[in-house]
Amino acid sequence: MAAPPSGKVIYEQEGVFIHSSCGKNDDQDSLISGVLRVIEKENEVIVDWRPLADTLDASNILCAGKDSSSVVEWTQTPKEKCSRGADRPISYEAEWDMVTTVSFKKKPHSNGDATTHANGESKWSFLFSLTDLKSIKRNKEGMGWSYLVFCLKDDVKLPALHFHHGDSKLLIKCLEKHVVLNESPQDKRILLVNSQNKSLSQSFENLFDESSYGLLQKLKKDPYTVTMGRFSKVTNYIFDSFRLSDPSSQRRPPSEMADFLNDAIPGLKINQQEEPGFEVITRGLCHTLRKEAWKFLLGYFPWNSTKEERANLQKRKTDEYFRMKLQWKSVSEEQEKRNSRLRDYRSLIEKDVNRTDRTNKFYEGEDNPGLILLHDILMTYCMYDFDLGYVQGMSDLLSPLLYVMENEVDAFWCFVSYMDQMHQNFEEQMQGMKTQLIQLSTLLRLLDSGFCSYLESQDSGYLYFCFRWLLIRFKREFSFQDILRLWEVMWTELPCQNFHLLLCCAILESEKQQIMDKHYGFNEILKHINELSMKIDVEYILCKAEAISMQMMNCKELPQAVSEILGIESSSVTPDSDTGEDESGAVLSCPTSLYQSVSTPVIAANGTRDSTQQMSETQSLTPA
C-alpha cells in the first residue's frame, strides 16, 4: 500500500469501501476496500482515501498541474505505465502540494466505469482540502452500515464511502474540530459546512480561473470568506526588519504640542529631553509615548482622569481580566466536549494565531510568548463577548495592540475598546461592512462620478475589492510600522470622522488612471487592488486623504449625506447626495469631480514636504 502523505494523521479508518458498479451488471457492486485518513499539514486539513490492496501510481490520483484549476485523472495506456515503471517513483509530496490549490471537477467515465487495471480490480483514489467541502450526506437510518457522500463546492459529489468496519460518527467528530457542520433545514441527513468564520484555502490565482460572473456571485454572497481567504496572505512579507524606525528621521515636536498633551491628560508629564522621538500625531508617535497615548485614543483611559484614577482603573480591570481568563482555563476536557461553540472558538484562534504576523520579531519562532498571549487574550475575549466569540480577522486587530502595550491586561482592554468600534464588522449580518461600503460609494460618487460609472460597468460598483481594507482597517495593506501610525491617526477622528473612508478614496484615486486606461474588468480590478498590498506609500496617502477632507470642508454646498458621513457641520447642504443638484436643478458650487481640484502635497526626495505646505496641511490635525 502506498505510504500516506507527510503530515499529522488525526484520523485513520480501514475497511472503508467504495461500491463501484463496474461489472457487466450495473446492479451488482464491486467492493473496493480502502483506508480513509484525515491529515493535518501546515494550515491545511486533507481528507484522503485510497485503495487498500495495491500500491497507487500516478494514474489513479486526483490532482492537477500547478497551472490548472480543474482536477483531472491521468489516464495511461499499459505501454505508458510500463515505460514509467519503477524507474520513475511517484512524488506524492508534489501532488499533496497541488491539491490545496484546486477544486474538484467531474471526471468523464464511459458508462460510469472507473479505470480498470490489468488485474481487473478497480482502484480509485481521491483527496481534497476541507476548505473545498460544501456538505456531507449521511445514510438513512436502519442500514447495516453507515456511509457518507462528500459534496464539494462545485457541486461535485465524490463516491460514497461505506464504513463496513466502523462508525462514521468518529469521522464527523474529527471534522467538526476543523469546520462548523450544521444540519440542513430541508434534509437532516445532510450536514452543511458553515464557512462564515473559516478561511478559504483556495488560492487567489484559481479564483481568476472562474468567470467574472461566478466570482462576482461569490463576493456578493459571502464577501468575508472570499476577501479573507488564502489570496490575502500575499500580504505576509518581511517588511518589519527593513522598516525599523530611524532615530535620525524623527522630528522634535513643537513645544506647544507637548504642552497641550500635558494639559489634556492630567498626570501625564512629557519630558522632551527624554523623549526625542515625540512627534505630532500625523507623523507618528515614538514607541514609549504610543504605549500611553493609545490607551486614551482608544478610550481605555478617560481623557479627564487623574493619574490616581487611572491606577485604580487598571487594578480593577486586571482583576476582571483574570477572572474571565480563569473561566476558560478551568474548563475540563470533558466539559469542552459538550461545548461545541467553545471548541470552535479555540480551534479558529489556534489556527489564526499561528499565522498572524509571524515575520515580526515580536511573534516569530516557535513557542513564542507573544503567540501565547495572543491566544490567551482572544480566548478571554470569547468569555467577555461570548455571542460574538472569535471571528477570523480579529487576531489582525489585536496583534499591533499587544506589540505596543507589551502587557496582557492593557492589550486586552485596548482590544475591547477597539472591538467596540469594529464590532459590527464581525457580526453575522456584517451590518458594519454594508454601511461602510455604501458610505464609501457615496463619497466616491461625489469625488469622481465618472470613475464610479466605470466601476459599475465592470460589475465592481459594490466596491467589494475594498472589503479587506475596511474589515481590518488596512492591516494587511501596509507594513506593521506604518499600520501603527495609520491607526493612531484614524483614532483621533481628525480632521473628520470616518477618515478611513477618505483613505480608501485616496488610494482608489491613485489607481484610477491605470484601472481605466488599461480597461480593467472585474477580475483585473480585484487582482490589481489585492497586489497593492505593502506597496502603498502611507505618507502620500495620508496627505492625499487630508487634502480631500479639506476640499470637502471648503465646499460651499456639500450634499447632506456626505456631511453626515464625515461629521462636517455645514449650514448649506443639499439632501441630494448622488447628483450634486438641489431641488430646483441648479448645479451646486461643489465640483463634479473633487479629485480634479485636490492639490496633493508634494513629497520631496528626502521624504519630507515643503515646510510651509506641511504646516497648512497638518494644521487641521494639530490641536489648537
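Source: prediction; values computed, not measured.

### Some points on the overall build of the chain
Piece 1. When helices and strands are counted, the chain shows 23 helices and 13 strands.
Piece 2. The proportion of buried residues among the 624 residues of the chain is 52%.
Piece 3. Partitioning the contacts of the chain with sequence separation of at least 6, the portion at a separation of at least 24 is 68%.
Piece 4. For the chain, the exposed surface amounts to about 29,500 Å²; the carbon and sulfur share of it is 49%.

### Side note on the state of the cysteines
Piece 1. Counting across every chain of the model gives 0 disulfides.
Piece 2. With no disulfide of its own, Cys 452 lies 8.6 Å from the sulfur of Cys 505, the closest cysteine sulfur.

### Some thoughts on the nonpolar core
Piece 1. With 106 residues, the main nonpolar core has Phe 426, Phe 474 and Met 552 as its most contacted residues.
Piece 2. In terms of residue count, the dominant contributor to this core is helix H14 (residues 408-426) (11 residues).
Piece 3. If sequence neighbours within four positions are ignored, Phe 474 has contacts with Arg 468, Trp 469, Ile 483, Leu 486, Met 490, His 500, Leu 503, Cys 504 and Ile 507.
Piece 4. With 29 residues, the next largest nonpolar core counts Trp 49, Leu 158, Leu 171 and Val 193 among its residues.

### Digging into the packing of aromatic side chains
Piece 1. Counting across every chain of the model gives 24 aromatic pairs.
Piece 2. Judged by centre distance (6.2 Å) and plane angle (20 degrees), the ring pair of Trp 49 and Phe 126 falls under stacked. Placement of Trp 49 in strand E3 (residues 44-51) and of Phe 126 in strand E6 (residues 126-129) is noted, with a sequence separation of 77 residues between them.
Piece 3. Overall, Trp 49 belongs to the buried group, its relative accessible area being 0%.
Piece 4. Taking relative accessible area as the criterion, Phe 126 reaches 1% and is therefore assigned buried.

How each quantity is defined
- Residues numbered from 1 in each chain as written.
- Predicted model: local features only at pLDDT ≥ 70, side-chain atom pairs only at ≥ 80, totals over all residues.
- Heavy atoms only, no water.
- Helix = DSSP H or I, 4+ residues; strand = E, 2+ residues; numbered from the N terminus.
- Buried < 20%, exposed > 50% of the residue type's maximum accessible area, 1.4 Å probe, protein only.
- Contact = heavy atoms within 4.5 Å.
- Areas by Shrake-Rupley, 256 points an atom, 1.4 Å probe, with all protein chains shown as cover.
- Disulfide = S-S within 2.5 Å.
- Core = buried A, V, L, I, M, F, W, Y, C linked by side-chain atoms within 4.5 Å.
- Phe/Tyr/Trp six-rings, centres within 6.5 Å; stacked < 30°, edge-to-face > 60°.

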